[in-house]
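# Chains, contacts and geometry: an overview
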Amino acid sequence: MQTSPSASIPASLKHVVIVNDRAVPKGGASAVALQSAVALARAGVAVTVFAGGSAVWGELDAAGVRTVLVETSEIGDESVRGKAAFRALWNRGSARGLTDLLNSLPRPGTVVHVHSWSKGLSPSIFAAAERAGVPIVATLHDYGFVCPNAGLHDFPTGKPCMLRPMSAACLTQNCDSRSRLHKLWRIARQLSLEQVARAPRIVDRLISVTAYAADIYRPLLPKGSPLTVLPNPIDATDLGPADPAANADILFIGRLSREKGTLILAEAAARRGLAPVFVGEGELADEVLARCPQATVTGWLDRAGVTARLRSARAVVLPATWRETQGMVVPEALANGVPVVVSSGTAPASAVRNRETGLVFENGSVDDLARVLGLLEDDDLVHRMGRTGYDEFWREPPDMARHLSGLLSIYAEVLAPAKAAAA
């Protein structure tokens, strides 16, 4: 993970509290949260991670990051779902823990940066930060700041939801990936966030990870919401461009779920007689193999394993039907000189130029994906797209140094009113 030794720390910044559901890098949001905590600490900033659970990533201790853990029970744990569901609406323990922490830190000069809260910390952490009178920054890793199911997606139909979040039509729409009852719980959580914690109105700066997601968010947020675009850092090493035209593998990386378009790829590959490789796990693993018997499902791989698979691929396919906010696989593929195939109308598609760095197919269409996969038979096209993507990525890499500089600028800006008030 690269950091910049010349990153300028604002004189007004004394301490950063990173708030995240976990203190281990499980999932994209948590990885960004904790990697940024390490980078800030190595740059000389005092950092505390406030999180749920009991596990702590070893890199935090190694970088001198303090960790404060509170009891949470994630709603995905079937054994504690009732207790966890109630606590995730308003976790009083989280609020007390964050209040105690903030009371021990310098003010003005402390910034609270929220990355994730919905699994267990709950909206109560926003209320606690507001009561403490510290600036609040929140990164929008998904659409959960406005949408009950956090995806702006109708999961039963597999199509983007075009309803205004929390409108009458939204409240009665069964869009949840689990059940109508779970949708009601999600509505209660959204009311807790918006009406009780008042999070969308009290946050001093919202960070969107792409311009694409920011354009979706702006009309759904309170008028005048302070929204800044700062891409997530990509932890990539320049290994030189791969040679995708010499490879055969069509690669998928991600959770094997319906909204990720897993079955769309399985069916399209089967039609063309291809043997795709699926790196990941999920509820559709068996169905993938049923629809495309020649496919390989590797399960989750470590970073070295993923990189090896990337560099031995002809192309990476991201057939997701939901919009997402960024999609980390696209820049990772481009950093290795491997072209990507993406579905239209998604965040990954916004990062691809059709026939220049990758190929775009019609969202949800097996027929169109099968057609586009046929274009990958052209060695010259594959080579050209891979090399163009590689050159453009490394011309201005979205690395941690660039991300850290953006964070420090945002922290200085949100601290400026507090500094003025103190004077």
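This section reports on the structure supplied with the text. (Residues numbered from 1 in each chain as written. Predicted model: local features only at pLDDT ≥ 70, side-chain atom pairs only at ≥ 80, totals over all residues. Heavy atoms only, no water.)

## So, unusual backbone geometry
Where we set the bar: The helix and strand labels rest on DSSP assignments: H or I over at least four residues marks a helix, E over at least two residues marks a strand, and numbering proceeds from the N terminus.
For the peptide bond that leads from Arg107 to Pro108, omega is -5°, which places it in the cis range. Tracing the backbone through its elements, the reader meets Pro108 in the loop between α4 (92–103) and β4 (110–114). A positive phi angle, close to 50°, is found at Leu152, a residue other than glycine. Residue placement: Leu152 occurs in the loop between β5 (136–140) and β6 (153–154).

## Here's the deal with the pairing of β5
Test applied: For every residue, the accessible area (1.4 Å probe, protein chains only) is compared with the maximum for its type, and the residue is labelled buried under 20%, exposed over 50%, or partly exposed between those bounds. One requirement defines pairing of two strands: DSSP has to find at least two bridges between them. Crossover handedness is defined by viewing with both strands directed away from the observer: a clockwise path from the first strand over the helix to the second marks the crossover as right-handed.
The element β5 is largely enclosed, with a buried count of five among its five residues. Judged by which residues are buried, β5 turns out to be covered on both faces: Ile136, Ala138 and Leu140 on one side and Val137 and Thr139 on the other are all buried. Pairing of β4 with β5 involves three bridges; the strand directions are parallel. By the bridge assignment, His113 is partnered in β5 with Val137. In this fold, the crossover linking β4 to β5 by way of helix α5 (residues 124–132) has right-handed handedness. When β5 meets strand β8 (residues 205–208), the two strands line up parallel, connected through four bridges. Looking at β8, one finds that Val137 is bridged to Arg205.

## Things to note about the pairing of β4
With five of five residues buried, β4 is to be regarded as a mostly interior element. The side-chain alternation of β4 yields two buried faces, one formed by Thr110, Val112 and Val114 and the other by Val111 and His113.

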